[in-house]
Every structure is written in structure tokens, then in C-alpha cells.
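# A look at the structure
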Amino acid sequence: MNKVIMMGNLARDPETRYSQSADPIAVTRYSLAVRRRFKREGEPDTDFFNCVAFGKQAEFAEKYLKKGMKICIAGSLRTSSWDDKQTGQKRWSTDIVVEEQDFAESKASFESRSGSINSGSRNEMPPSSIDDGFTAITQTIDDEDLPF
């Protein structure tokens, strides 16, 4: 089984490119900074993981994720190797292929922590008019109306 689940902060803004196939597919890369649970003296207290998302996940990351945001991802590890043309040495890379990604904090929390309120930017949260499976609550609900 190859399954990775992590929560951390984006170390940089996602970068998106499109494949050069007949039907181009979005490929988005970003780094996730994850704090270590225990810190030993002289060792870093944060690890940085390279993540790559494809298709709809890639488009979502490009549109809504921003450096500093806390997110949770689930995916699998993938190791790649290639020959470096400049040095002639074999190089290795390990990436997390993102299958799921979710916000791990509210937009207000992120904005208050980062000190940047960007209305109208490409990274704003999706408006409630988009059919994302959620329905906005427009009325107040009394405790008496709840079935539990």
C-alpha cells in the first residue's frame, strides 16, 4: 500500500503547466512545509515535501491555494530518476502525487494570520453560487428545530 496523508503550510505558490498532448492536462507543483512532532538540537524542525497534482486537482490548487495556507493532502509517493545532462550523474526525485487536498483552516484565519486581504484576486475562495455540493444557509436555525 502506498498512501501518504499530511497537513502543513504551502511553502510557495502553486505553479501550473499544461501537458503537450492532444487534450492538455493541468500539472501543478507546490511544496508543503510540515512541522516535525519532536525536534532534536541541530536538526530542522520542518520538512519540505514536493507535491504534484494532475487534472481537476491541479486546477483547484492553481485557483485557490496560496503560499502560507494550511492544507491537508492525501496521495501516494512517486520516485523518479533521470540522467543529468550537465553532470552525467543519475538524479532522483521523490514527490507526493496529490489525490485529495482540502483546506485545513478558514479563509478568515488565513487572512488574519497572513495579514493580506486580497479581494478579487485569483486565489479567492469559490463563491457560493458555484455548485460545489454545499448549500448556503440563509436563515437562522433555532435549537428547537434541530432533531438532536
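First things first, this report covers the structure right here in the doc. (Residues numbered from 1 in each chain as written. Predicted model: local features only at pLDDT ≥ 70, side-chain atom pairs only at ≥ 80, totals over all residues. Heavy atoms only, no water.)

### Concerning the packing of aromatic side chains
Evaluation of the coordinates by the stated rule reveals two aromatic pairs. With 5.1 Å between their ring centres and 55 degrees between their planes, Phe 60 and Tyr 64 make a pair best called tilted. You can see Phe 60 and its partner Tyr 64 sitting in helix 1 (residues 55-64), four residues apart, about one turn around the helix. Exposure remark for Tyr 64: the relative accessible area of 8% places this residue in the buried category. Plain terms: the ring middles of Phe 60 and Phe 103 are 5.7 Å apart, the flat faces sit at 55 degrees to each other, and that makes the pair tilted. Residue Phe 60 is located in helix 1, and its partner Phe 103 is located in strand 6 (residues 90-103); the two are separated by 43 residues in the primary sequence. You can call Phe 60 partly exposed: its relative accessible area is 26%. Three or more aromatic residues joined by ring pairs form one cluster here, namely Phe 60, Tyr 64 and Phe 103. (Phe/Tyr/Trp six-rings, centres within 6.5 Å; stacked < 30°, edge-to-face > 60°. Helix = DSSP H or I, 4+ residues; strand = E, 2+ residues; numbered from the N terminus. Buried < 20%, exposed > 50% of the residue type's maximum accessible area, 1.4 Å probe, protein only.)

### What to know about the pairing of strand 1 (residues 4-10)
Pairing geometry for strand 1 and strand 5 (residues 70-83), over six bridges, is antiparallel. Counterpart to Gly 8 in the pairing with strand 5 is Ile 71. In the sheet, strand 1 pairs with strand 3 (residues 26-35) via two bridges, with the strands oriented antiparallel. Across the sheet, residue Leu 10 finds its bridge partner in strand 3, namely Leu 32. (Pairing = 2+ DSSP bridges.)

### Quick look at helix 1
Of the positions making up helix 1, those classed as buried are Ala 58, Ala 61 and Tyr 64. The buried residues of helix 1 occupy an angular sector of 160 degrees when the element is viewed end-on, so they sit on one face. Residues of helix 1 that are buried in the fold lie against strand 2 (15-18), strand 3, strand 4 (46-54) and strand 6. (Arc of directions from axis to C-beta. Contact = heavy atoms within 4.5 Å.)

### A short note on the nonpolar core
Residues Met 6, Tyr 30, Leu 32, Cys 51, Leu 65, Ile 71 and Ile 73 are the most contacted members of the largest nonpolar core, which totals 18 residues. Counting only elements with at least two residues in this core, the list comes to strand 1, strand 3, strand 4, helix 1, strand 5 and strand 6. The greatest single-element share of this core, amounting to four residues, is contributed by strand 3. (Core = buried A, V, L, I, M, F, W, Y, C linked by side-chain atoms within 4.5 Å.)

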